[in-house]
Protein chains: 2
Amino acid sequence: MAEKLIEKKYQQAKECPITIFMEQIGGKWKPVIIWLLILNEVMRFNELDKAINGISQKMLSQQLKDLERLKIVKRKSYPVIPPKVEYRLTEKGKSLKENLTSIMEWSNKNLK
Amino acid sequence: MAEKLIEKKYQQAKECPITIFMEQIGGKWKPVIIWLLILNEVMRFNELDKAINGISQKMLSQQLKDLERLKIVKRKSYPVIPPKVEYRLTEKGKSLKENLTSIMEWSNKNLK
DNA sequence: CGGAATCCGTTACGATACTG
DNA sequence: CAGTATCGTAACGGATTCCG
């Protein structure tokens, strides 16, 4: 009886949207990639690679694929040699700007 | 020369505050814990354990320690038998409410 | 009740090398 | 240039047991 009440009271924790957010947009690299694309509109693979301190090509391409699947990033490839691929945000991706900005401000104020 | 320009242009990516945020507040469990404490003010270890679907005691105590170290959560222990320990947010912790709320809204709108 | 200790599997991440 | 493929390590996370 009491257990049932507790279950009900704290039900919010299940399928928590914040958790889903963290699982999908969080992680070590995705926010940086998104942030760079907010600042620079469009970037090539190689530019992202150079811009992100310490990332490997493997990780970068993996994270970009994830973000593409999530419809946050658009990939545009030109059939030239040498290859040229551009990445930019979708509208959905751009809509993250305010969230990331306020997180950034909080972080600057509160985290070392 | 050109390299130097690129380095400069994308310097934002180093020590990115959003990355720091994700590393410290992100992850699978921390946001849920914080959110529950926002909703319920004060909770005991056991209540958190029951409220968070699928968490193990090990993870819970580990995450609570992390959050305590970050000064986001306050721990209050009563010297009684059986033991009683309460967790609540610090002011710093409470200041995350707006961030988490807007993340939650975005998540509800944009993530499955 | 509120943990700590242990064991163990899975995933994330990283370094390096290679390719169309 | 824009990636794959391969391999090794480290961190994460879960299950179980034990204890004051």
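What you see is a predicted model, and the numbers here were worked out from it, not measured in a lab.

> How do you make sense of the protein's contact with DNA strand D when you look at a structure like this?
DNA strand D sits among 18 residues. The nearest are Gln57, Lys65, Arg75 and Tyr87 of chain A together with Lys58 of chain B. Restricting the count to atoms of DNA strand D within 4 Å of the protein gives a sugar and phosphate share of 60%. Here a phosphate oxygen of DNA strand D sits 2.9 Å away from a polar atom, N or O, in the side chain of Arg44 of chain A. Listing elements by their share of the surface near DNA strand D, those giving two or more residues are α4 (45–51), α5 (57–69) and β3 (84–89) of chain A together with α5 (57–69) of chain B. Across the surface near DNA strand D, the residue classes break down as eight nonpolar, three polar and seven charged.

> Sorry if this is basic, but what is going on with the pairing of strand β3 (residues 84–89) of chain B here?
A regular strand carries its side chains on alternate faces of the sheet. All names here are of chain B. Sheet topology note: the strand β1 (residues 42–44)/β3 ladder contains three bridges and is antiparallel. Among the inter-strand pairings, Arg44 is bridged to a residue of β3, identified as Glu86. Two elements, strand β2 (residues 73–78) and β3, share six bridges in a ladder whose sense is antiparallel. Across the sheet, the residue bridging to Ser77 is Val85, located in β3. Turn length for the β2-β3 hairpin, with the two strands adjacent in sequence and antiparallel, is five residues.

> Honestly, the relation of the copies chain A and chain B in this entry has me stumped. Any pointers?
Here the two chain copies are tied together by a rotation about an axis and a shift along that axis. For the pair chain A and chain B, the best superposition has an RMSD of 0.1 Å and corresponds to a rotation of 180° with a translation of 0.1 Å parallel to the axis. Such a combination of rotation and displacement between the chain copies is what one expects of a two-fold axis.

> Could you clarify how one ought to interpret the UniProt feature "domain: HTH hxlR-type" (unreviewed entry) in chain A in this entry?
UniProt feature "domain: HTH hxlR-type" (unreviewed entry): in the numbering of this structure it lies at residues 16–112 of chain A. Along residues 16–112 of chain A one finds 60% helix and 15% strand; the C-alpha atoms at either end are 28 Å apart.

> Help me understand the protein's contact with DNA strand C, please; the structure alone is not making it clear to me.
By nearness alone, 19 residues border DNA strand C, and Lys28 and Lys58 of chain A together with Asn46, Arg75 and Tyr87 of chain B come closest of all. Here DNA strand C approaches the protein such that, of its atoms within 4 Å, sugar and phosphate make up 62%. Taking Ser61 of chain B, its side chain carries an N or O atom lying 3.3 Å from a phosphate oxygen of DNA strand C. Mapped onto the surface near DNA strand C, the elements with two or more residues apiece are α5 of chain A together with α4 (45–51), α5 and β3 of chain B. Among the elements that make up the surface near DNA strand C, the one with the highest residue count is α5 of chain B (four residues). Here the surface near DNA strand C is built from residues that sort into eight nonpolar, four polar and seven charged.

> Explanation requested: the nonpolar core in the structure shown.
Where a protein is soluble and globular, its nonpolar side chains tend to be buried together. Residues Phe21, Ile34 and Ile72 of chain A together with Phe21, Ile34 and Ile72 of chain B are the most contacted members of the largest nonpolar core, which totals 68 residues. What Ile34 of chain B contacts, discounting residues up to four positions off in sequence, is Ile25, Leu67, Ile72, Leu89, Gly93, Leu96 and Leu100 of chain B.

> Any chance you could explain the interface of chain A and chain B here in plain terms?
How big an interface is tends to be stated in terms of accessible area lost as the parts join. With 46 residues of chain A at the contact, the number on the chain B side is 46 residues. Taking both partners together, chain A and chain B bury about 4,200 Å²; carbon and sulfur atoms supply 71% of that area. At the surface where chain A touches chain B, the tally comes to eight residue pairs in polar contact (both at pLDDT 80 or more). Secondary structure elements with two or more residues in the side of chain A that touches chain B: α1 (2–9), α2 (17–25), α3 (30–40), α4 and α7 (97–110) of chain A. The class makeup of the residues in the side of chain A that touches chain B is 25 nonpolar, 13 polar and eight charged.

> Honestly, the sheet that holds β3 of chain B in this entry has me stumped. Any pointers?
By definition, the strands of a sheet pair up through backbone hydrogen bonds, in either a parallel or an antiparallel sense. All names here are of chain B. Spatially, β1-β3-β2 is the arrangement adopted by the three strands of the open sheet, whose pairing is antiparallel. Each edge of the sheet is formed by a strand with only one pairing partner; in this case those strands are β1 and β2. In this sheet, neighbouring strand axes are inclined to one another by 25° on average, regardless of whether the strands run parallel or antiparallel. Helix α3 (residues 30–40) contacts β1, β2 and β3 of the sheet and is inclined by roughly 90° relative to β3.

> Sorry if this is basic, but what is going on with the pattern of salt bridges here?
Any two side chains of opposite charge can pair, so long as their charged atoms come close to each other. On inspection of all chains with the given rule, the structure shows eight salt bridges over all chains. Two residues, Asp66 of chain A and Lys30 of chain A, come together in a salt bridge whose shortest N-O distance is 3.4 Å. Note that Asp66 of chain A is positioned in helix α5 and Lys30 of chain A in helix α3, a separation of 36 residues in sequence. We classify Lys30 of chain A as buried; its relative accessible area is 9%. When the shortest N-O distance is used, the salt bridge between Asp66 of chain B and Arg69 of chain B registers 3.3 Å. Within this pair, Asp66 of chain B and its partner Arg69 of chain B are both found in helix α5, separated by three residues, close to a single helical turn. Each of Lys30, Asp66 and Arg69 of chain A takes part in one network of salt bridges that share partners.

About the thresholds
Residues numbered from 1 in each chain as written. Chains lettered and ligands numbered in written order. Predicted model: local features only at pLDDT ≥ 70, side-chain atom pairs only at ≥ 80, totals over all residues. Heavy atoms only, no water. Near = heavy atom within 4 Å. Polar contact = N/O pair within 3.5 Å; in protein donor to acceptor, adjacent residues only side chain to side chain. Helix = DSSP H or I, 4+ residues; strand = E, 2+ residues; numbered from the N terminus. Nonpolar A, V, L, I, M, F, W, Y, C, P; charged D, E, K, R; others polar. Pairing = 2+ DSSP bridges. Least-squares fit on C-alpha atoms with pLDDT ≥ 70 in both. UniProt positions renumbered as here; feature names shortened; annotations may be inferred. Core = buried A, V, L, I, M, F, W, Y, C linked by side-chain atoms within 4.5 Å. Buried < 20%, exposed > 50% of the residue type's maximum accessible area, 1.4 Å probe, protein only. Contact = heavy atoms within 4.5 Å. Buried area = accessible area lost by both parts, 1.4 Å probe. Axes fitted to C-alpha atoms, helices over the stretch in contact; angles between N-to-C directions. Salt bridge = Lys/Arg side-chain N within 4 Å of Asp/Glu carboxyl O.

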